[in-house]
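This is what each chain is made of:
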Amino acid sequence: MKNRSNRLLALLLMVLGTAAISIAQVPDAELTRCASTERDSLRVLKNPALLRLRQHSEELIQNQVRLRKASRINADEIITIPVVVHLIHGQENQRIGGANNANITDAQVASQIEVLNEDYGNTSGYKGFYTDSLGVDTGIRFKLVTIVRTYNAKSQFSPVSDADELAEISPAWSTNRYLNIWVCRLNDRYLGTSQFPIVTKITSQTAGLGTEEDEAKDALTDGVIIDFRYFGRNSDAITSRIYNLGRTTTHEVGHWLGLIHIWGDQNCGTDYCADTPTAFTKNETTDTDCTPVFSNCRGVNTRNMIENYMDYSPDICMSMFTNDQKERMHAVMELSKRRAKLVELSKITTEELIVNLYPNPVQEVLFSDVYTPNFEVFTASVYNQKGQKVIGEALNRTSLNVKNLPSGIYFYKVQTASRTLTKRFYVR
Ligand SMILES: [Zn+2]
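Residues numbered from 1 in each chain as written. Predicted model: local features only at pLDDT ≥ 70, side-chain atom pairs only at ≥ 80, totals over all residues. Heavy atoms only, no water.

*Asks:* Can you help me understand the packing of helix α3 (residues 49-71) against helix α8 (residues 323-335) in this one?
*Replies:* Helix packing geometry: the angle between the two helix axes and the distance between the axes. Where α3 contacts α8, the axes come no closer than 9 Å and their chain directions differ by 115°. Taken together, the axis directions place α3 and α8 in an arrangement best described as roughly perpendicular. Crossing angle aside, the handedness with which α3 passes α8 is right-handed. On α8, the residues that touch Glu-58, Leu-60, Ile-61, Gln-62, Gln-64, Val-65, Arg-68 and Lys-69 of α3 are Asp-324, Glu-327, Arg-328, His-330, Ala-331, Val-332, Glu-334 and Leu-335. Split by residue class, the contact of α3 with α8 holds six nonpolar, three polar and seven charged. (Axes fitted to C-alpha atoms, helices over the stretch in contact; angles between N-to-C directions. Helix = DSSP H or I, 4+ residues; strand = E, 2+ residues; numbered from the N terminus. Parallel < 35°, antiparallel > 145°, perpendicular 65-115°, else oblique. Left-handed = near helix turned anticlockwise from the far one by under 90°. Contact = heavy atoms within 4.5 Å. Nonpolar A, V, L, I, M, F, W, Y, C, P; charged D, E, K, R; others polar.)

*Asks:* Help me understand the coordination of the zinc ion, please; the structure alone is not making it clear to me.
*Replies:* Angles between donor atoms at a metal ideally measure 109.5 degrees for a four-coordinate tetrahedral arrangement and either 90 or 180 degrees for a six-coordinate octahedral one. Donor atoms from the polypeptide that bind the zinc ion are Cys-34 (SG), His-251 (NE2), His-255 (NE2) and His-261 (NE2), placed at 2.0 to 2.2 Å. Coordination at the zinc ion is tetrahedral, judged from the four donor atoms that bind it and the angles of 96 to 120° they form at the metal. Read in sequence order, the donor residues coordinating the zinc ion give the pattern C-x216-H-x3-H-x5-H. In this pair, Cys-34 is assigned in strand β1 (residues 32-34) and His-251 in helix α7 (residues 247-256), connecting sequence segments 217 residues apart. Each member of the pair, Cys-34 as well as His-251, carries the same accessibility label: buried. (Donors = N, O, S within 2.8 Å, 3.2 Å for Na, K, Ca; no water. Tetrahedral: all angles 85-135°; square planar, octahedral: opposite > 155°, others 65-115°. Buried < 20%, exposed > 50% of the residue type's maximum accessible area, 1.4 Å probe, protein only.)

*Asks:* I keep staring at the nonpolar core and nothing clicks. Help me out?
*Replies:* Within soluble globular proteins, side chains that are nonpolar generally end up buried alongside one another. Formed by 40 residues in total, the largest nonpolar core has its most connected members in Ile-81, Tyr-120, Phe-142, Ile-181, Val-253 and Leu-257. Going through the elements one at a time, β2 (79-89), α4 (106-121), β3 (140-151), β4 (179-184), β6 (223-227), α7, α8 and α9 (337-346) are the ones with two or more residues in this core. Among the elements that make up this core, the one with the highest residue count is β2 (five residues). Not counting the four nearest positions on each side in its chain, Val-253 is found in contact with Leu-116, Tyr-120, Phe-142, Leu-179 and Val-224. Within the second largest apolar cluster, 19 residues are counted, among which are Leu-353, Leu-366, Val-382 and Val-402. (Core = buried A, V, L, I, M, F, W, Y, C linked by side-chain atoms within 4.5 Å.)

*Asks:* Whenever I open this one, the sheet that holds strand β13 (residues 399-401) confuses me. Can you help?
*Replies:* Across the sheet, which stays open at both edges, the three strands sit in the order β9-β10-β13 with antiparallel pairing between neighbours. With one partner strand each, in any of the chains shown, β9 (354-358) and β13 form the two edges of the open sheet. Within the sheet, the average angular offset between the axes of one strand and its neighbour, ignoring direction, is 20°. Judged from the five bridges that link them, β9 and strand β10 (residues 365-371) form a sheet pairing that is antiparallel. Opposite Asn-356, over in β10, you have Asp-369 as the bridge partner. (Pairing = 2+ DSSP bridges.)

*Asks:* What's the story with the state of the cysteines in this structure? I'm lost.
*Replies:* Summed over the entire model, instances satisfying the criterion amount to two disulfides. The disulfide partner of Cys-268 is Cys-297, and the gap between their sulfur atoms is 2.1 Å. Its S-S torsion of approximately -80° makes the covalent link between Cys-268 and Cys-297 left-handed. Pair noted here: Cys-268 is in the loop between α7 and β7 (294-297) and Cys-297 is in strand β7, with a separation of 29 residues, a long-range link. Here Cys-268 falls in the buried class, since its relative accessible area comes to 13%. If one numbers only the bonded cysteines of the protein, in the order they occur, the disulfide pattern is 1-3, 2-4. (Disulfide = S-S within 2.5 Å.)

*Asks:* Please clarify how the side chain of His-330 should be interpreted in this entry.
*Replies:* Looking at where His-330 falls in the secondary structure, it is placed in helix α8. You can call His-330 buried: its relative accessible area is 3%. A polar side-chain atom of His-330 sits 2.6 Å from the main-chain carbonyl oxygen of Thr-138. Other than its neighbours up to four places away in sequence, His-330 contacts Arg-68, Glu-77, Ile-79, Thr-138, Gly-139 and Ile-140. (Polar contact = N/O pair within 3.5 Å; in protein donor to acceptor, adjacent residues only side chain to side chain.)

*Asks:* Looking at this model, I keep getting lost on the sheet that holds strand β5 (residues 190-194). Mind explaining?
*Replies:* Hydrogen bonds along the backbone pair up the strands of a sheet, which may run parallel or antiparallel. On the basis of which strands lie adjacent, the open sheet formed by six strands has the order β1-β5-β6-β4-β2-β3 and mixed pairing. In the strand order of this sheet, the two ends are held by β1 and β3, each with one partner. Averaged over all neighbouring strand pairs, the angle between strand axes comes to 20°, with direction disregarded. Where β5 meets β6, three bridges bridge the pair, whose relative direction is antiparallel. Bridge pairing in β6 places Thr-193 opposite Ile-225. The strands that α4 touches are β2 and β3; relative to β3, the one it contacts most, it runs at about 155°.

*Asks:* Whenever I open this one, α9 confuses me. Can you help?
*Replies:* At 3.6 residues per turn, the α-helix brings residues three or four places apart onto the same side. Those residues of α9 not exposed but buried are Arg-338, Arg-339, Lys-341, Leu-342, Val-343 and Leu-345. Close packing links the buried residues of α9 with β2, β4, α6 (212-221), α7, α8 and β10.

*Asks:* Got a minute to help me understand the environment of Ile-260 in this structure?
*Replies:* Inspection of the secondary structure assignment puts Ile-260 in the loop between α7 and β7. Taking relative accessible area as the criterion, Ile-260 reaches 15% and is therefore assigned buried. The spacing of Ile-260 and Tyr-272 is twelve residues in sequence and 8.0 Å in space, taken between C-alpha atoms.

Below is the structure:
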């Protein structure tokens, strides 16, 4: 009798479980591709100076694009971005794979890296729907470095406001060396979100617009966040009929490299790319036939470039970045401090450990550029002159807050499994 009631209970739980899963599945028509603009609004609200910084940044980007086009400097250069994928999942037993499980398989992660390389490479035989002659190879490639799997009991995260929390659960690997992608279950029916780069250096001209502390805080969450059900392709964790080819990540990484939605986030707005036609609004639709859409902006009738990765179209309809988008991404990689450092470090091939500290002397936040051979993990800690550890080990961090340390000489020790390097710095 006891066995029978246990069986009944198990059956009941199974039925309830199935019901819960089907409720959790949001119909495609109610999904919103991207929360980057919403997340950015919240960031600007917390730091209003950011808005002015952005306008200044935009001028710098436009200048850099003009320079690049005029000089053709690095026009055919291929840049490879190392990627760290953080999986935040609810599997206490660490079970990997299967429907409704954010602890996705290595194969699903690998499929997303494949998609990124196809989409940014515009390689022959790629999965695009249109074969528009405006589509270019962006000269950007991606290489998976590692997958970090972390259990967390929280059932879902907000793409607009939980970036800090995700970065606490699974800390970013140095955001001046890696593209960090957090994959988890998102709420609010969003597929993904991204942190826009800041390109302006903090100089006397931009004083008051940002602080070293803002910069250090931004560095902790710099990356993209994607719901596991839209990450990669050909997996039973992917449930959507229209967002099923991994292009949510292509889109979000586009933002991470400074691209703006092709309708400019307002009716007939601008994305600062002349070769993407002005569009009245986003192409948010379940139409997988990719039926042409037209806009009338300022009296001009144009066909929307719904095949552009920076629209909201179904994955199957997306197939291109334009040359101006390519130039913009490269300009941003040259101007944004962390992106530029990432590019610089990606070209180093030595077997030595390299550590640079700045500013030195330092008052508030000490930044470090660390190169470890073969993408080895590192820890950083700080010792005083007596050899006492005053700041404990931080994993793969680009910044440390030192403003509570008495002024004097300190030692910054970087350690990997096989190498150690210590650098001296001064606290004022
Ligand atoms: Zn977007």
